[in-house]
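# Observations on the model geometry
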Amino acid sequence: MKKINRKVLCYLRTHRRVWGLTQPELASLMGFKSAAHVSRIENGKCAPTVESALACQVIFGIPPRVMFPHTHALIEEKVMRNIYQMHLALSNTTNLSGLRKRELFSLALKRAIGGPNTLDRT
Amino acid sequence: MTHENPQNLVLSIYPFSRGFAFVLFEGPESPFDWGVKEIKEKHKNTKTLDEIKKIIDRYRPEVLVIEDTTGKDSRRTSRIRKLYRMLVHLAEAEYVELYRCSKSELKQCFASVGASTKYEIAKAIATQIPAFAHRIPPFRKPWMSEDPRQSLFDAVALGLTYFARHIRSPYV
C-alpha cells in the first residue's frame with residue numbers, strides 16, 4: 001500500500017532561504033520578538049495571522065494564497081461549505097437581494113473551480 | 001518558482017564524509033527545501049538514515065534520487081556504499097520510487113553547458129537556480145579539503161539529472 005503524499009504546507013521557509021534570510025532576521029522584519037513564531041508558521045504548527053501573511057507579501061511579494069496554500073485550502077473549503085448551505089437556503093428566493101447574493105455565490109463557486117486565476121468581479 | 005499547483009516532490013541525497021546534503025524539488029527549477037546536515041556521531045550511517053527518514057516522513061517525496069555506486073568507476077568509500085544500500089531498503093520500505101544516477105549520466109547532463117568539474121557544475125547550477133547562488137563554495141585548491149556546501153550542489157546536480165532524464169530540463 002502506498003503512503004499518502006503529504007501536501008506542501010507553506011512556502012515561507014523556501015522563500016526565506018532563497019533570499020538568505022535567517023529566522024531571527026525574518027522575525028524582526030515581520031515585527032515579531034522571537035524567531036519561534038516564524039518557526040511555528042514554517043512547520044505548520046500554527047496558522048499565519050492576517051498581519052504575518054500580509055507582512056510576508058510585503059517582504060517577498062508573494063500573495064498569501066500562494067505562500068500558504070494549505071491554510072488557503074482549509075479556509076476555502078470551510079467557506080465554500082457555508083456558501084453552499086446559504087445558496088441552498090436561498091434557492092427559492094425571488095427578491096432582488098436574494099438573487100444578488102446567489103449571483104455572488106455562483107461567482108465564488110466559479111472562482112473555486114477555476115482556480116486562483118479566475119478573478120470575475122461583476 | 002511556480003507554486004500554483006504543488007507537484008510531487010523529488011528528494012535527492014548526496015552523502016559525504018561529514019554528513020549529507022539534501023534537496024527537495026517541485027520541478028527542475030523550483031527547489032522547495034534544501035540543506036546540509038553534519039553528523040558527528042560514531043555510527044554515522046545509522047544517524048544519517050534516521051535523519052533521511054525524518055525528511056521522507058515530513059515531506060513524503062515521490063522519488064528519491066541517489067548516486068549509482070554499483071559501477072566500477074565509482075570512487076565512494078565503503079561506508080557511503082553501505083549507506084546507499086541502506087537507502088535502497090529505506091526507499092522500498094517507505095514506498096518511494098528510487099532513481100540511481102551514475103556519474104557518467106550526470107557529466108553527460110551538464111556537458112551541454114560546458115560544465116565538467118564539480119566546481120563548474122556548481123557554477124552552472126548557481127546561474128540557473130538563483131536560490132543557490134549565494135551558497136556557492138570558493139574554488140577548491142589542491143591543498144584544501146572539500147567545502148560542505150559543495151555537497152549541496154552535488155545533490156542538486158543529481159536532482160537535475162533525474163529531471164533531465166524524465167522531464168524537461170534547462171540542460172537538455
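To start, this report covers the structure provided alongside it. (Residues numbered from 1 in each chain as written. Chains lettered and ligands numbered in written order. Predicted model: local features only at pLDDT ≥ 70, side-chain atom pairs only at ≥ 80, totals over all residues. Heavy atoms only, no water.)

### Some words on the overall build of chain A
If you tally the helices and strands in chain A, you get 7 helices and 0 strands. Reading chain A from its N end, one meets helices and strands in the order α-α-α-α-α-α-α. Counting only residues that meet the buried cut, chain A has 31% of its 122 residues in that class. Accessible surface for chain A amounts to roughly 8,100 Å². Of this, 60% is attributable to carbon and sulfur atoms. (Helix = DSSP H or I, 4+ residues; strand = E, 2+ residues; numbered from the N terminus. Buried < 20%, exposed > 50% of the residue type's maximum accessible area, 1.4 Å probe, protein only. Areas by Shrake-Rupley, 256 points an atom, 1.4 Å probe, with all protein chains shown as cover.)

### Comments concerning a nonpolar patch on the surface
Together, A:Leu74, A:Ile75 and A:Val79 line one region of the surface with nonpolar side chains, adding up to about 270 Å² of accessible area. Tracing the sequence through the fold places A:Leu74 in helix H6 (residues 69-89). (Patch = residues over 30% accessible without salt bridge, like charges linked within 9 Å, V, L, I, M, F, W, Y side chains within 5 Å. Salt bridge = Lys/Arg side-chain N within 4 Å of Asp/Glu carboxyl O.)

### Here's the deal with the packing of helix H2 (residues 23-30) of chain A against helix H4 (residues 50-60) of chain A
All names here are of chain A. Interhelical geometry of H2 versus H4 gives an angle of 105 degrees and a closest axis separation of 10 Å. In terms of orientation, H2 and H4 fall into the roughly perpendicular class. Facing H2, whose interface residues are Leu 26, Leu 29 and Met 30, H4 presents Ser 52, Ala 55, Cys 56, Ile 59 and Phe 60. Taken together, the residues of the contact of H2 with H4 break down into 7 nonpolar, 1 polar and no charged. (Axes fitted to C-alpha atoms, helices over the stretch in contact; angles between N-to-C directions. Parallel < 35°, antiparallel > 145°, perpendicular 65-115°, else oblique. Contact = heavy atoms within 4.5 Å. Nonpolar A, V, L, I, M, F, W, Y, C, P; charged D, E, K, R; others polar.)

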